[in-house]
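# Fold and geometry: a report
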Amino acid sequence: MTDVLIVSLGGTAGLREADAELASSLQRAGARVVVAPAARPREWRTLAGIELAWALNARRAARAAIAAHRPRAILYSSTTAALLGPRTGAIRFDAPAAGNRPGRHGIWQRRVERARFEDATLLVPWSEGGLAEAPEPHADALVVPVPVSPSGLVAERDIAAITYGAHPEKKGLDRVLAAWLRDGRTGEELVVAGLDEARGAAWLARAAAAQPSGDGKPGPDGTPARAGSPAVRFTGMIARAEYRALLRRARVFVTAPRREDYGIAQLEALADGCVLVTTPSPGPYAALPIAHALDARLVSDALPVRAALDDPADGYAERAAAALAAFSPEAVDLVVARDLLPLLRAL
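Residues numbered from 1 in each chain as written. Predicted model: local features only at pLDDT ≥ 70, side-chain atom pairs only at ≥ 80, totals over all residues. Heavy atoms only, no water.

### Side note on the packing of aromatic side chains
For the structure shown, the criterion picks out 3 aromatic pairs. For the ring pair Phe93 and Phe117, a centre distance of 5.0 Å and an interplane angle of 40° mean the geometry is tilted. With Phe93 in strand 4 (residues 90-93) and Phe117 in helix 5 (residues 109-119), this pair connects stretches of sequence that are 24 residues apart. You can call Phe93 buried: its relative accessible area is 1%. Judged by relative accessible area, Phe117 falls into the buried class, the value being 1%. Centre to centre, the rings of Trp126 and Tyr262 are 4.9 Å apart; their planes meet at 85°, and the pair counts as edge-to-face. On the criterion of sequence distance, the pair formed by Trp126 in the loop between strand 5 (122-125) and helix 6 (128-132) and Tyr262 in the loop between strand 9 (250-255) and helix 10 (264-271) is long-range, its members being 136 residues apart. When sorted by exposure, Trp126 lands in the same class as Tyr262, which is buried. When the ring centre of Trp203 is taken as reference, the NZ or CZ atom of Arg206 above it lies at 4.7 Å. (Phe/Tyr/Trp six-rings, centres within 6.5 Å; stacked < 30°, edge-to-face > 60°. Helix = DSSP H or I, 4+ residues; strand = E, 2+ residues; numbered from the N terminus. Buried < 20%, exposed > 50% of the residue type's maximum accessible area, 1.4 Å probe, protein only. Lys NZ or Arg CZ within 6 Å of the ring centre and 35° of its normal.)

This is the structure:
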């Protein structure tokens, strides 16, 4: 018999890694754990449709794993995985559909989620912000962060700035590129990870077209026009180790998400010593209060990249490391062993 079955949606690399981290933490606490991944469905035209397909695949994966392993407890990873679950269980989530699926995008998910959150054996949100968005009434909850730690020895900081652009509209890549073209200098480079050159070139061309013409006249916002442009490099999808190595070389991580459900990329950037420049984006953005406490100047819709490069706050990296202590693997292991596993075993 298995102690905990994790039904893993795993729609992104980040979600798969978070599920693997939690499974490993539960195993270190002495639990027998099985992870049941849902098969990736074909693409649908609407978000509501694709999430129905994911939920159906998660139900199939859960049914098969329940029959094979007879788990004492089930933990659905993501609200989507839990929506059509065949058995009541705990629900782990970064943000609920009530918060990140407005309008037609969550036309059926929000209604079903409300019932699932009320009937769940336990809610396991990634953050207090995620829990705050959960519909009421809901089951008892325990916040268990995704662990974050430095990825290796810090290298020479030879990259001026880096951003993550795998979902360019969601991540506000247009705003990041505009800020870079305004603040970057010749000889400096912005690395855009997760987006290939072909797609990135179109985003860069639109951002460049909105910049001052370079004829010496100021742009519409009063900023002076400049000849020449700083460099932008698009990496495409790269291995995780390669991405973290880029973070260790970068001085600044800049991002402008239109909504942030957690912000694991920002937390990893802080862990690897980057200065974080971000917009004050809505959502349960775990890195936002940390960024504000480290240097409030750099939390702005203006994305002041130049200030981060030329005038970083004293002791920024050291204070960031201290602020991330609650996200360390050791701290998360303690919460899992002391609090989460006993709750799951008691269900």
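### Observations regarding the pairing of strand 3 (residues 73-77)
Judged by how many residues are buried, strand 3 sits mostly within the fold: 5 of 5 residues are covered. Where burial is concerned, the two faces of strand 3 agree: the one with Ala73, Leu75 and Ser77 and the one with Ile74 and Tyr76 are both buried. As judged from the 5 bridges shared by strand 1 (residues 4-8) and strand 3, these two strands associate in the parallel manner. Residue pairing across strands places Ser8 opposite Ser77, the latter belonging to strand 3. (Pairing = 2+ DSSP bridges.)

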